[in-house]
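Observations on the three-dimensional arrangement
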Amino acid sequence: QVQLVESGGGLVQAGGSLRLSCAASGRTFSAYYMAWFRQAPGKEREFVATITQSGGGTYYADSVKGRFTVSRDNAQNTVYLQMNSLKPEDTAVYYCAADTKFKISPREYDYWGQGTQVTVSS
């Protein structure tokens, strides 16, 4: 079992930046791939980014590539999502998720945080 708690969401103007955090507790954090997903109203949950257990590898959705950066601090049991050049279409609830394997389908993840709202105004 791993418990995840996101923070850092809020309201920002288009072009601005936010950094989301996801704090993990429970089993060994460094054993898990960590991922970020988002869900806008009326839409399915979609993959945003993932990072390997060591932090040495990352993978992004095309829609955020070049604007978002995922990172992790295994000593602090925390994964981050730095979001720059935000657009109104980035508005969504952002969730972190954990799994022991590389996955991009939300249906395959067992561990989720409660989500944090990000709203980007135009």
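All chains use their own residue numbering, which begins from 1 and follows the written sequence. Owing to the predicted nature of the model, reporting of local features is limited to residues with pLDDT of at least 70; listing and counting of side-chain atom pairs is limited to 80 or more, with chain, interface and lining totals taken over all residues. Side-chain calculation: all heavy atoms of the structure are included, whereas hydrogens and water are not.

1. Thoughts on the side chain of arginine 67
Working definition: helices are DSSP H or I runs of at least four residues, strands are E runs of at least two. Numbering for both runs from the N terminus. Relative to the assigned elements, arginine 67 resides in the loop between strand S6 (58–60) and strand S7 (68–73). Residue arginine 67 is classed as buried on the basis of its relative accessible area of 12%. A polar atom in the side chain of arginine 67 sits 3.0 Å from the backbone oxygen of serine 85. Polar contacts, as counted here, are pairs of nitrogen or oxygen atoms within 3.5 Å of one another; within protein the pair requires one atom able to donate a hydrogen and one able to accept it, and residues that are adjacent in sequence qualify only if both atoms are side-chain atoms. Only 2.7 Å separates the side chain of arginine 67 from the side chain of aspartate 90, close enough to count as a polar contact. Whether two residues are in contact is decided by their heavy atoms, any of which lying within 4.5 Å being enough. Excluding anything up to four places from it in sequence, arginine 67 contacts Gln82, Met83, Asn84, Ser85, Leu86, Lys87 and Asp90. The buried label applies to any residue whose accessible area, calculated with a 1.4 Å probe on protein chains only, is under 20% of its type's maximum; exposed applies above 50%, and partly exposed to all values in between.

2. Structural notes on a nonpolar patch on the surface
Among the surface-exposed residues, Tyr59, Phe102 and Ile104 lie close enough to one another that they form a single nonpolar patch of about 290 Å² accessible area. One can find isoleucine 104 in the loop between strand S9 (92–99) and strand S10 (111–112). Grouping into patches uses exposed residues only, defined as over 30% relative accessible area, and leaves out salt-bridged ones; the cut-off is 9 Å for like charges and 5 Å for nonpolar side chains (Val, Leu, Ile, Met, Phe, Trp, Tyr). To be clear on the numbers: accessible area is Shrake-Rupley with a 1.4 Å probe, and residue cover counts the displayed protein chains and nothing else. In the sections that follow, a salt bridge refers to a side-chain nitrogen of Lys or Arg positioned within 4 Å of a carboxyl oxygen of Asp or Glu.

3. Some points on the pairing of strand S5 (residues 46–51)
The element S5 is extensively covered by neighbouring structure, given that five of its six residues are classed as buried. The pairing of strand S4 (residues 33–39) with S5 spans five bridges and is antiparallel. Bridging from a neighbouring strand, tryptophan 36 pairs with alanine 49 of S5. Should DSSP find at least two bridges between two strands, the strands are regarded as paired. Between the end of S4 and the start of S5, which pair antiparallel, lie six residues, with glycine 42 showing a positive phi angle near 80 degrees. Direction of pairing for S5 relative to S6: antiparallel, over a ladder of three bridges.

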